[in-house]
Amino acid sequence: MEKVLNKVAEYRQKNEETQEELAAAVGVTRQTVIAIERGNYTPSVRLALKIAQHYSKKTDDIFSLDE
């Protein structure tokens with residue numbers, strides 16, 4: 001099974017943003033951000049797009065498939 005990799009923590013840290021701040025910006029809980037960063041939760045397309053938009057990046061700059 002393919003795994004979705006992400007750079008959410010990397011972009012969040014580059015922007016000196018807390019998990020709580022990112023969560024509030026994209027409308028989820030801090031626990032959801034933690035789960036995404038750890039790779040325990042694959043976000044919906046909608047959430048992935050919101051995260052990418054928040055960082056002014058393309059979705060595939062942040063999310064990719066581990067093939």
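Quick caveat: nothing in here was measured; it's all calculated off a predicted structure. (Residues numbered from 1 in each chain as written. Predicted model: local features only at pLDDT ≥ 70, side-chain atom pairs only at ≥ 80, totals over all residues. Heavy atoms only, no water.)

Student: What should I look at first to understand helix H4 (residues 45–54) in this one?
Tutor: Along H4, the positions that sit buried rather than exposed are Leu47, Ala48, Ile51 and Ala52. Buried residues of H4 fall within an arc of 135° about the axis and therefore sit on the same side. Away from the buried face of H4 by more than 90 degrees, exposed residues Val45, Arg46 and Gln53 are located. Looking at the buried residues of H4, the elements they touch are helix H1 (8–14), helix H2 (19–26), helix H3 (30–38), helix H5 (59–62) and strand S2 (63–66). Phi for Ser56, located one or two positions after H4, is positive at around 55°. (Buried < 20%, exposed > 50% of the residue type's maximum accessible area, 1.4 Å probe, protein only. Helix = DSSP H or I, 4+ residues; strand = E, 2+ residues; numbered from the N terminus. Arc of directions from axis to C-beta. Contact = heavy atoms within 4.5 Å.)

Student: Explanation requested: the pattern of salt bridges in the structure shown.
Tutor: Pairs may arise between side chains of opposite charge once their charged atoms sit close together. Using the criterion set out here, one finds two salt bridges in the structure. For Lys14, the salt bridge goes to Glu10, with nearest N and O atoms at 3.3 Å. Placement of the pair is Lys14 and Glu10 together in helix H1, with a separation of four residues, close to one helical turn. Its relative accessible area of 37% is what places Glu10 among the partly exposed residues. Two residues, Glu37 and Arg12, come together in a salt bridge whose shortest N-O distance is 2.6 Å. Taken together, the residues span a long stretch of sequence, with Glu37 in helix H3 and Arg12 in helix H1 at a distance of 25 residues. Each member of the pair, Glu37 as well as Arg12, is classed as buried. (Salt bridge = Lys/Arg side-chain N within 4 Å of Asp/Glu carboxyl O.)

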